[in-house]
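Each chain is listed here by its residues.
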Amino acid sequence: MGQPTNRVFSGVQPTGNLHLGNYLGAIRKFVALQDSHECIYCVVDLHAVTADLVQKDLQNQTREIAAAFIASGIDPKKHIVFNQSQVREHSELAWLFNCVARMGWLRRMTQFKEKAGKDSENASVGLFTYPNLMAADILTYRATHVPVGDDQKQHLELTRDIAAKFNNDFAERIAALGHGDSYFPLTEPVIEGEATRIMSLRDGSRKMSKSEPSDMSRINLTDSSDDIAKKIRKARTDPEPLPDNLDGLKERPEADNLVSIFAALSEVSSEEVLRQYGGKQFGEFKPALADLAVEKLAPINREMRRLMDDPAGVDAVLKEGAEKAREIASVTLSEVRDIFGFIG
Ligand code: AQP
């Protein structure tokens, strides 16, 4: 089988509190790539247990992400939507990548440092090797493109390093087995647009995040219209009016963040938003942003609720997706086993 040329893979962890950053930084891009690419979108439940071993409601959290994918416009009939743990090949390839990746590469991963915090001796080994599993998720499908937020850039670089080392170390066998001069692609990240890093509504220096304790820091996709409006009204800002150009947003992280959110939701540039709102006070800008956010998110929220009312229906989509994913994954793993030289 030749390498695919336009296959997209990406995933979202079912760790609760799916937020506007996940939507604008990732899920909305997933939707946009559907017309031009073969897409595989995964609820990465094996990743969810790396930080907190016992998830409060993993099954419903998994369904919620799948529902968000579909409610946002991903068509599971045309593309593949599934949860990671149903396709065992991800774990097998991750083990093999544990042997390809080097300790020094993983020690440089900033996300591990952030998530493990000061008590890294007590972090799970899974949290440390998380980027190898992510590389396996992507390369099980030999995906060429991965839409992600800016925080995942370093993990994508590691995925490319793993692919390059594998291709290089096994070059002779790859060629001898008829796969040409490389087996895995050097996957391209798709990190572009106005919303690659949406920040917390309470602190413009911190990423909007599922694990941030304050619910006021993020807009959840399950929030009611009233909650969305309240969170935007209470979002931290400074007392100055909005500037009329991008330079004026420097050193104003909270203002910059709200302008970026407005731009991303209305699909225009931040410059365009400032042309319209430059010189205006937040008292005028925030209600306009709240209206826009509600207009864009309410239909997704409604559709997510409808889907979540039928858990068996969501499970059926995931099962069917897993079957389709396994068809691709089993071929890759069989070829990779041959390249390694295992019997069977
Ligand atoms: N604030 C963000 N702005 C833009 N994109 C973001 N993403 C996450 N936060 C932002 C992107 O969403 C996708 C799914 O993320 P994930 O489930 O893998 O979780 P994460 O990257 O670890 O970040 P979260 O969602 O905030 O979770 P926690 O709190 O656990 O760190 C990815 O493409 C990510 O880049």
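Residues numbered from 1 in each chain as written. Predicted model: local features only at pLDDT ≥ 70, side-chain atom pairs only at ≥ 80, totals over all residues. Heavy atoms only, no water.

## A closer look at the overall build of the chain
To be explicit about the condition: Helix and strand labels come from DSSP, where a helix needs a run of H or I of at least four residues and a strand needs a run of E of at least two; each type is numbered from the N terminus. Only C-alpha atoms enter the radius of gyration, while the globule expectation follows 2.2 Å times N to the 0.38, with N the number of residues. Type-normalised accessible area, obtained with a 1.4 Å probe on protein chains alone, sets the label of each residue: buried when under 20%, exposed when over 50%, and partly exposed for intermediate values. By definition in these notes, contact holds between two residues if any of their heavy atoms fall within 4.5 Å. Computed by Shrake-Rupley with a 1.4 Å probe, the accessible areas treat only the displayed protein chains as cover when residues are assessed. Lys and Arg are tallied as positive, Asp and Glu as negative. Neither His nor the chain termini are counted. Lysine's charge is taken at NZ, arginine's at CZ, aspartate's at CG and glutamate's at CD.
Regarding its fold elements, the chain presents 14 helices and five strands. Against the 2.2 N^0.38 benchmark of 20 Å for 344 residues, the chain shows a C-alpha radius of gyration of 21 Å, consistent with a compact globule. Expressed along its principal axes, the backbone C-alpha trace of the chain runs to roughly 70 × 45 × 40 Å. Put simply, the chain has 344 residues, and 50% of those count as buried. Residue pairs in contact within the chain that sit at least 24 positions apart in sequence constitute 77% of those at least 6 positions apart. When the accessible surface of the chain is split by element, carbon and sulfur atoms take 49% of a total near 16,000 Å². When the 43 positive and 51 negative side-chain charges of the chain are each reduced to one mean point, those points stand 2 Å apart.

## Remarks on a positive patch on the surface
Convention followed: Surface patches are drawn from residues lacking salt bridges whose relative accessible area is over 30%; two like charges belong together within 9 Å, two nonpolar side chains (Val, Leu, Ile, Met, Phe, Trp, Tyr) within 5 Å. Salt bridges are identified by distance alone: a Lys or Arg side-chain nitrogen within 4 Å of an Asp or Glu carboxyl oxygen.
A cluster of basic side chains, namely Arg 202, Lys 230, Arg 233 and Lys 234, defines a positive patch on the protein surface. In this structure Arg 233 comes out as exposed when scored by relative accessible area, which is 55%.

## Some points on empty space enclosed by the protein
The test is simple: In this analysis a 1.4 Å probe is tested at points of a 1 Å grid over the protein atoms alone, and where it fits but cannot get out there is a cavity; an open set with protein on both sides within 12 Å along at least five of seven lines is a pocket; lining residues have an atom within 4 Å of a point. Grid points are joined across faces, edges and corners, and a volume is the space filled by probe spheres set on the points. In this count, Pro and Cys sit with the nonpolar residues alongside Ala, Val, Leu, Ile, Met, Phe, Trp and Tyr, while Asp, Glu, Lys and Arg are called charged and the others, Gly among them, polar.
If you walk through the whole model with that rule in mind, you get one cavity of 30 Å³ or more. By volume, the largest cavity amounts to about 40 Å³. Lining the largest cavity are Gln 111, Phe 112, Lys 115, Leu 127, Tyr 130, Pro 131 and His 155. Secondary structure elements with two or more residues in the lining of the largest cavity: helix 6 (110-116) and helix 7 (125-140). Its residues placed into classes, the lining of the largest cavity shows four nonpolar, two polar and one charged.

## Points about the pairing of strand 2 (residues 38-43)
Selection criterion: DSSP calls a pair of strands paired once it identifies at least 2 bridges connecting them.
Counting buried positions along strand 2 gives five out of six residues, so the element sits mostly inside the fold. By the bridge criterion, six bridges tie strand 1 (residues 7-12) to strand 2 in an arrangement that is parallel. The residue of strand 2 that forms the bridge with Arg 7 is Glu 38. Alignment of strand 2 against strand 3 (residues 80-83), held across four bridges, turns out to be parallel. Within strand 3, the residue paired with Tyr 41 across the bridge is Val 81.

## Some details on the layout of surface pockets
Selection rule: Domain start and stop points were drawn from an automatic or database domain assignment.
Looking at the second largest pocket, its volume works out to about 250 Å³. For the second largest pocket, the lining is made up of 14 residues, of which Leu 24, Arg 28, Lys 29, Glu 192 and Gly 193 are closest to its centre. When the residues that make up the lining of the second largest pocket are grouped by side-chain class, the tally is eight nonpolar, one polar and five charged. Shared between two domains, the lining of the second largest pocket holds at least three residues of each, these being domain 1 (7-196 + 310-340) and domain 2 (215-306).

## Observations regarding the domain arrangement of the chain
Quick note on the threshold: Accessible area that two parts lose when put together, with a 1.4 Å probe and added across both, is what the buried area reports. Any pair of nitrogen or oxygen atoms within 3.5 Å is treated as a polar contact; in protein, a donor-acceptor pairing is required on top of that, and neighbouring residues in sequence qualify only through side-chain atoms on both sides.
Under the domain assignment, the chain is made up of domain 1 (7-196 + 310-340) and domain 2 (215-306). The gap between the C-alpha centroids of domain 1 and domain 2 is 30 Å. Together, the buried faces of domain 1 and domain 2 total about 1,400 Å²; carbon and sulfur atoms form 67% of this surface. Taken as a group, Leu 20, Ala 71 and Glu 194 account for 40% of the area that domain 1 buries against domain 2, more than any other trio of residues on that side. Across the domain 1-domain 2 interface, the total number found is zero salt bridges. Seen at the junction of domain 1 and domain 2, the total is four residue pairs in polar contact (both at pLDDT 80 or more). Only helix 1 (20-33) and helix 3 (58-72) provide two or more residues apiece to the side of domain 1 that touches domain 2. Among the elements that make up the side of domain 1 that touches domain 2, the one with the highest residue count is helix 3 (five residues). In terms of residue class, the side of domain 1 that touches domain 2 is built from eight nonpolar, three polar and four charged.

## Regarding the environment of Phe 97
Mapping Phe 97 onto the fold places it in helix 4 (residues 89-100). We classify Phe 97 as buried; its relative accessible area is 0%.

## Concerning helix 1
Spelled out, the test is: To estimate the expected span of a helix, count its residues, drop one, and scale the result by 1.5 Å. The angle separating two fitted axes, one through the seven residues that finish at a residue and one through the seven that start at it, defines the bend at that residue.
Over its 14 residues, helix 1 runs 19 Å from end to end, which matches the ideal 20 Å to within 8%, given 1.5 Å per residue. Along its length, helix 1 reaches its greatest deviation from straightness, about 30 degrees, at Ile 27. Taking burial as the measure, the 14 residues of helix 1 include eleven buried ones, the bulk of the element. Considered for burial, the residues of helix 1 that qualify are Leu 20, Gly 21, Asn 22, Tyr 23, Leu 24, Gly 25, Ala 26, Ile 27, Lys 29, Phe 30 and Leu 33.

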